[in-house]
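# Results of the structural survey
Chain by chain, the residues:
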Amino acid sequence: MKSSVENIDPTRVKLSIEAPYAELKPSIDEAYKEIAKQVSVPGFRRGKVPPRIIDQRIGRPAVLQEAVNNSLDDFYRKAIDEHDLRPLGSPEVEVTEIPGLDGKEEGDLSLTIEVDVRPAVELPSYDSLEVEVDTFEVTDEDVEEELDALRSRFGTLKSVERPAQQDDFVTLDLTATVDDEEVDSATDISYQVGAGTMLDGMDEALDGLSAGEETTFESVLAGGDHAGETGVVTIVLKAVKERELPEADDDFAQLASEFDTIEELREDLREQAAKQKETEQGVQAREKVLEVLLEKLDVPVPAKLVEDEVHRHLEAENRLEDDEHRAEVTEETERMLRTQFVLDAVVEAENVDVSQPELIEYIISASQQYGMNPNEFAQALDSNNQVSAIVSEVARRKALAEVLAEAKVVDSEGNAVDMTAFTTPPGEDDEAEDDAADSADGTDAEESAGEGASADAGGEGASSEDPQVAETASEDPEAGADEADEHGSEDSQSDPKSAEKSKKDKDSAKS
């Protein structure tokens, strides 16, 4: 087989492949065997029909077409391996010449394949990247906010005879109508005013409403057969309750924590608030480093891949005619692909790999977002062939940590910010100390090198707030897994046979 490659643009290539009849012959023989099993010819046992009879009954062109279809994948993969290409999406195949149609066992199979490929990325020096993050300090107000949040967990609800206001808990009945027709209703709904977890406009409608009163407002319905339509919502307020918080004293500290005094509890809450703000600072640094990296690199994205993904997204939302939303989704898709290309380049440049403990940690974290058992979540990923996409996601997170480790991060006052907690896997320092101790005792340090569970390189910043967490986290896990596969399609090589079949079907329709 001979192949050549032509660059159509930075993200698309055209492969020209020529394979002699001899390389197609095994597939032709196999095609005859398969067809012989499927046809029934008087005088011959099923599976024993000779090729010449099949040529008479079925036609040699049909046999050769079957052989070509069965060979396409092998020829395609050999060509992309030969030219070191990373294909994206589905290839488009055109067979220009099939040998043997005249009955002679000679000639070449000729075909062309167009496919999108991952663009080349020239990475800058990581230490040339500089970002500024917010300076943080823990104030007394932060501590009191944490304390109030803890007190609210131990609070009790008490009915009040006054209009509802922000943070009150209410009980209500709800009815929704579209064009004066009732489309949904519910009774005795419990809701916290200001939570923003129900219909748009509901918080404003409840504010100032007293028990026994009702009001109406317009809102876009979020579910059911009328999802996306504007309806009139009527709410009847049945009760208003406020949360009473326990006194912040030593008794409460002993009830809510392991501490004996409220001052000890406040000090612990101050430390927790500091850790939280440090985590937020780390997440901000990761986001900004990624942004600077993308700004420095003019990475092209395959137009067809973007178009296909945007169409799939809008079709799932039934919003194909929404041009404004299409523009938003297109921009998001292009940025998502650029991010993948850049971080994949870092993965290759830094030889980033993913250990089993890192993969397990990521799966456990993601399963919590779906409210699933980690084992069930892992099985869902496996059944949907999404494990490789998850491995790629973890590798990209680690790649971003590699970049952050060398970038310059300063706060708004110009002070250098230590990002070690977000770039060094937990336990790495302990392992180094253990190795040194083993070496001092005459123990072979290599025996322990690399042992121990290695967490994600994001450290404490590896949370659902992390910019590299899969964007489908709030969706159904299996649907999210499917979407992750679409987004991670560049990590696999597509089968050209399906594209060829699609092309033949279209040609048949035209004729």
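Residues numbered from 1 in each chain as written. Predicted model: local features only at pLDDT ≥ 70, side-chain atom pairs only at ≥ 80, totals over all residues. Heavy atoms only, no water.

The name given to the protein chain in an unreviewed UniProt entry is Trigger factor, and the organism recorded there is Brevibacterium daeguense. What the UniProt record of the protein chain gives under Function (unreviewed entry) is the line "Involved in protein export. Acts as a chaperone by maintaining the newly synthesized protein in an open conformation. Functions as a peptidyl-prolyl cis-trans isomerase." The record in UniProt for the protein chain states the following under Catalytic activity (unreviewed entry): "[protein]-peptidylproline (omega=180) = [protein]-peptidylproline (omega=0)". (UniProt positions renumbered as here; feature names shortened; annotations may be inferred.)

Our next topic: the overall build of the protein chain. The secondary structure content of the protein chain amounts to 16 helices and 11 strands. By residue count, 39% of the 511 residues in the protein chain fall in the buried class. Sequence separation of at least 24 residues holds for 70% of the intrachain contacts in the protein chain that already meet a minimum separation of 6. Roughly 28,300 Å² of accessible area belongs to the protein chain as shown, and the carbon and sulfur atoms make up 42% of that amount. (Helix = DSSP H or I, 4+ residues; strand = E, 2+ residues; numbered from the N terminus. Buried < 20%, exposed > 50% of the residue type's maximum accessible area, 1.4 Å probe, protein only. Contact = heavy atoms within 4.5 Å. Areas by Shrake-Rupley, 256 points an atom, 1.4 Å probe, with all protein chains shown as cover.)

Moving on, we get to the pairing of strand β4 (residues 108-117). On any regular strand, side chains alternate: one points to one face of the sheet, the next to the other face. Burial analysis of β4 places 8 of its 10 residues in the buried class, the great majority of the element. Pairing between strand β2 (residues 12-20) and β4: 9 bridges, direction antiparallel. Residue P20 lies in a different strand from β4, and its bridge partner there is D108. (Pairing = 2+ DSSP bridges.)

For the rest of this paragraph, the subject is the UniProt feature "coiled-coil region" (unreviewed entry) in the protein chain. Per the UniProt record, "coiled-coil region" (unreviewed entry) is annotated on residues 252-286. Between the first and last C-alpha atoms of residues 252-286 the distance is 38 Å; the span itself is 86% helix and 0% strand.

Attention now goes to the sheet that holds strand β3 (residues 87-97). Read from one edge to the other, the open sheet built from 4 strands follows the order β1-β2-β4-β3, with strand pairing classed as antiparallel. Both outer strands of the open sheet, β1 (2-9) and β3, are each paired with one neighbouring strand and no more. If you compare each strand with its neighbour and ignore which way they point, the axes differ by 20° on average. Across the sheet, helix α3 (residues 60-82) lies against β1, β2, β3 and β4, angled at about 120° from β2, the strand it touches most. (Axes fitted to C-alpha atoms, helices over the stretch in contact; angles between N-to-C directions.)

Right, let's talk about unusual backbone geometry for a bit. Despite not being glycine, D84 has its phi angle at roughly 55°, a positive value. Summarising the element assignment, D84 is placed in the loop between α3 and β3. The backbone of N351 sits at a positive phi, close to 50°, despite the residue not being glycine. Position of N351 among the secondary structure elements: in the loop between α9 (323-349) and α10 (356-370). Judged by relative accessible area, which is 64%, N351 ranks as exposed.

On inspection of all chains with the given rule, the structure shows 2 aromatic pairs. Ring geometry for F154 against F252: centres 5.7 Å apart, planes inclined by 90°, an arrangement best described as edge-to-face. Of this pair, F154 sits in the loop between α4 (140-153) and β6 (156-159) while F252 sits in helix α6 (residues 250-256), placing them 98 residues apart in sequence. According to the relative accessible area criterion, F154 is partly exposed, its value standing at 32%. Here F252 falls in the buried class, since its relative accessible area comes to 3%. (Phe/Tyr/Trp six-rings, centres within 6.5 Å; stacked < 30°, edge-to-face > 60°.)

Take the environment of D203 next. With respect to the helices and strands, D203 occurs in helix α5 (residues 202-206). On the basis of relative accessible area, D203 is assigned to the buried category, the value being 18%. C-alpha separation for the pair D203 and Q166, spaced 37 residues apart in sequence, amounts to 8.2 Å. In contact with D203, not counting residues within four places along its chain, are Y191, Q192, V193, G194, A195 and G196. At a separation of 2.6 Å, a polar atom in the side chain of D203 contacts the side chain of Y191. (Polar contact = N/O pair within 3.5 Å; in protein donor to acceptor, adjacent residues only side chain to side chain.)

With that settled, consider the packing of α9 against helix α12 (residues 387-406). At their nearest, the axes of α9 and α12 sit 8 Å apart, and the two run at 75° to each other. Between α9 and α12, the angle falls in the class roughly perpendicular. Contacts from Q340, L343, D344, V346 and V347 in α9 reach A395, R396, A399, L400 and V403 in α12. Residue classes in the contact of α9 with α12 are distributed as 7 nonpolar, 1 polar and 2 charged. (Parallel < 35°, antiparallel > 145°, perpendicular 65-115°, else oblique. Nonpolar A, V, L, I, M, F, W, Y, C, P; charged D, E, K, R; others polar.)

For helix α1 (residues 21-38), with 18 residues, the first-to-last C-alpha span of 25 Å sits near the 26 Å given by 1.5 Å per residue. Considered for burial, the residues of α1 that qualify are Y21, L24, S27, I28, A31, Y32, I35 and A36. (Expected span 1.5 Å × (residues − 1).)

The set of residues buried in helix α11 (residues 374-383) consists of F377, A380 and L381. Buried residues of α11 fall within an arc of 100° about the axis and therefore sit on the same side. In α11, those exposed residues whose orientation departs by more than 90 degrees from the buried face are N375, Q379, D382 and S383. Of the residues flanking the start of α11, the one acting as N-cap is N373, its side-chain oxygen 2.7 Å from the backbone nitrogen of N375. Looking at the residues trailing α11, positive phi occurs at N385, about 55°. (Arc of directions from axis to C-beta.)

Further remarks concern the pattern of salt bridges. One pass over the structure, following the stated rule, counts 28 salt bridges. Between K277 and D142 there is a salt bridge whose closest N-O contact spans 2.6 Å. On the criterion of sequence distance, the pair formed by K277 in helix α7 (residues 262-296) and D142 in helix α4 is long-range, its members being 135 residues apart. With a relative accessible area of 23%, K277 lands in the partly exposed category. D142 gets classed as buried once you look at its relative accessible area, which sits at 17%. (Salt bridge = Lys/Arg side-chain N within 4 Å of Asp/Glu carboxyl O.)

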